Amino acid sequence: FLQVSKTLEEFDVEEQPSSLLEKRYPNIKVIQSGVKQLKSDEHKIFTEDGKEYMYEKLCLCAGAKPKLIFEGNPYVLGIRDTDSAQAFQKNLAQSERIVVVGNGGIALELVYEIQGCEVIWAIKDKAIGNTFFDAGAAEFLIPKLTAEKRETPIECKRTKYTMEGSEEKERPTAASDKLGGALGPDWHEGLCLKGTKEFSHKVHIEILCEVKKIHLQQEFIQLQRTSLTFPKEEKNVEPDKVLWPVYVELTNGKIYGCDFIVSATGVVPNVKPFLDGNNFAVGEDGGLKVDKHMHTSLPDIYAAGDICTASWEPSPVWHQMRLWTQARQMGWYAAKCMVADTVGESIDMDFSFELFAHVTKFFNYKVVVLGKYNAQGLGLDHELMLRCTKGQEYVKVVMQNGRMMGAVLIGETDLEETFENLILNQMDLSAYGEDLLNPDIDIEDYFD
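Residues numbered from 1 in each chain as written. Predicted model: local features only at pLDDT ≥ 70, side-chain atom pairs only at ≥ 80, totals over all residues. Heavy atoms only, no water.

**Q** I keep staring at the packing of aromatic side chains and nothing clicks. Help me out?
**A** Aromatic rings considered in pairs are described by the distance between their centres and by the relative angle of their planes. Under the counting rule described, the total for this entry stands at 13 aromatic pairs. Ring geometry for Phe 220 versus Tyr 247: centroids 3.8 Å apart, planes at 10°, classification stacked. Remark: Tyr 247 occurs in strand E11 (residues 246-250) and Phe 220 occurs in helix H6 (residues 217-223); sequence separation between them is 27 residues. We classify Phe 220 as buried; its relative accessible area is 6%. Classification of Tyr 247 by relative accessible area gives buried; the value is 1%. Members of the aromatic cluster, joined through ring pairs, are Trp 312, Trp 318, Tyr 333 and Phe 353. Taking NZ or CZ as reference, Lys 144 lies 3.9 Å from the ring centre of Tyr 365, over its face. (Phe/Tyr/Trp six-rings, centres within 6.5 Å; stacked < 30°, edge-to-face > 60°. Helix = DSSP H or I, 4+ residues; strand = E, 2+ residues; numbered from the N terminus. Buried < 20%, exposed > 50% of the residue type's maximum accessible area, 1.4 Å probe, protein only. Lys NZ or Arg CZ within 6 Å of the ring centre and 35° of its normal.)

**Q** Looking at this structure, how should I read the pattern of salt bridges?
**A** Any two side chains of opposite charge can pair, given that their charged atoms come close. Tallied over the entire structure, the rule returns 16 salt bridges. Residues Lys 254 and Glu 206 are paired through a salt bridge, measuring 3.2 Å at the closest nitrogen-oxygen approach. Separated by 48 residues along the polypeptide, Lys 254 in the loop between E11 and strand E12 (255-258) and Glu 206 in strand E9 (residues 202-206) bring together distant segments of the chain. Between Lys 366 and Glu 416 there is a salt bridge, and its shortest N-O distance comes to 2.5 Å. In this pair, Lys 366 is assigned in strand E19 (residues 365-371) and Glu 416 in helix H9 (residues 416-425), connecting sequence segments 50 residues apart. Each member of the salt-bridge network shares a partner with another, and the members are Glu 42, Lys 44 and Glu 52. (Salt bridge = Lys/Arg side-chain N within 4 Å of Asp/Glu carboxyl O.)

**Q** What should I look at first to understand the confidence of the model for the protein in this one?
**A** When pLDDT drops low, the exact placement of atoms in the prediction is not to be read closely. Confidence along the protein averages 85 in pLDDT terms, with 81% of residues attaining 70 or more. When pLDDT is averaged over each element of the protein, strand E15 (residues 288-290) comes out on top at 98 and helix H1 (residues 2-10) at the bottom at 41. Low pLDDT, under 50, characterises residues 1-15; the stretch is placed with 34 contacts to residues that sit more than four places away or in other chains. Under a pLDDT of 50 for its full length, residues 156-176 has, in the predicted model, 35 contacts with residues more than four places off or in other chains. (pLDDT = per-residue confidence, 0-100. Contact = heavy atoms within 4.5 Å.)

**Q** What exactly am I supposed to notice about the sheet that holds E19 here?
**A** The strand order E18-E19-E22-E21-E20 describes an open sheet built from 5 strands, whose pairing is antiparallel. One side of each edge strand has no neighbouring strand; the edge strands of this open sheet are strand E18 (357-362) and strand E20 (383-389). Direction aside, neighbouring strands of the sheet carry axes that sit 15° apart on average. Across 6 bridges, the pairing between E18 and E19 is antiparallel. Bridging from a neighbouring strand, Lys 361 pairs with Lys 366 of E19. (Pairing = 2+ DSSP bridges. Axes fitted to C-alpha atoms, helices over the stretch in contact; angles between N-to-C directions.)

**Q** Hey, could you run me through the side chain of Glu 206 in this one?
**A** For Glu 206, a relative accessible area of 4% corresponds to the buried category. Side-chain polar atoms of Glu 206 contact the side chain of His 204, separated by 2.9 Å. Not counting chain neighbours up to four residues away, the residues in contact with Glu 206 comprise Ile 120, Trp 121, Ala 122, Ile 123, Leu 250, Asn 252, Lys 254 and Tyr 256. (Polar contact = N/O pair within 3.5 Å; in protein donor to acceptor, adjacent residues only side chain to side chain.)

**Q** I'm lost on the environment of Asn 278 in this one. Help?
**A** By the secondary structure assignment, Asn 278 is in the loop between helix H7 (272-275) and E15. Residue Asn 278 is classed as buried on the basis of its relative accessible area of 9%. Placed 20 residues apart in sequence, Asn 278 and Leu 298 show a C-alpha to C-alpha distance of 8.3 Å. With residues near it in sequence (within four places) discarded, Asn 278 still touches Leu 38, Lys 39, Ser 40 and Leu 298. One polar contact links the side chain of Asn 278 to the main-chain carbonyl oxygen of Leu 38, over a distance of 2.7 Å.

**Q** For this particular structure, what's the right way to read the pairing of E11?
**A** For a regular strand, the rule is simple: side chains alternate between the two faces of the sheet. For E11, a buried count of 5 out of 5 residues is recorded, marking the element as mostly surrounded by other parts of the structure. Where burial is concerned, the two faces of E11 agree: the one with Val 246, Val 248 and Leu 250 and the one with Tyr 247 and Glu 249 are both buried. In this structure, E11 lies alongside E12, joined through 4 bridges in antiparallel fashion. Residue Val 246 lies in a different strand from E12, and its bridge partner there is Cys 258. Between E11 and E12, which pair antiparallel one after the other, the connecting turn spans 4 residues, and Gly 253 there sits at a positive phi close to 95°.

The structure is reproduced here in structure tokens:
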């Protein structure tokens, strides 16, 4: 496992990862079929294509499924894997207006990247990006959402994986119980996220509301209700005379017609294929509980990524979130734990679980979140320090008893490495005061 991980890490792969592994390591078999049943007492897995596999050690990395606001509605689409992303692109290409529900990472990426289509964005919070940001960061980002796109996209330098040789096949609309490959970073690059209109993008945000009900067109006509046009420049919204395939009724009383709805309201661990007949310990969030060596509660079975729930005592500045960065770290660490257990060696907790760190891109800004970046679990006993330059950067630091506990960095701040070390070292920074965020002082000079 260690050598396989090294191969994927160091080489610029231009073919499907499963093909690469089987070519270089003939003793590895990549199963490309869904799991039908797991018999843990017999160390056997049965797949949907009727095959049976024995195992000595097993790691479950089945990810998570979108938490749809309404199951079984053909106009409600969740985005979590490659198949659903392609289904979204296909539907968007024929659309004039969509409703996006949710306030996490995928919602943030979608509302900014979509062009040529009106977007009604419904969020239950007071500000956008509540998963990652506070209200101040949201205010910093809003102008980018409403402005015309003129900037050059941030270059992505991560390794890309592509399908080997074969032509792209037509895929059916993704069903909620059928999963493709998991979406990683920059998942929307290469997709044409454009509707039928010629304008760049239009986004209207409805705050502090959720979806109350979804009406199909015929039902809505019979109800004789009134839907609204797309709001323009804070003017009074007028009744909409267009007939839409589906209508969304919000808890604030407003109704908007649209072509389809994107449900981006989080995920649930994909544990269903493995629970029947197996006595797994399951966390409150529905994931398979794993200990500090990624063991589940059953012998010889490990889990990593979105499917699992970390049940060890965490570092004071680490917490679990179902993000691609953590899934990758967990997979790497689980492989090492499986090897160590097989050869009878001990292994220390991986360094990546000492500090929560996530790097991504929102609204074409580089975004870094570190530690308890939103003061998670700190109660009222903390202080915030802020630095903001409109259109350039937003820096927030979470302090407790003179020690840095977390940070949010938006833009090219060049502070992430220094702040990472300060959070990890937990040194008393009381003496430095506001100089920690003084742009005229090179903070690195303090801590050489």
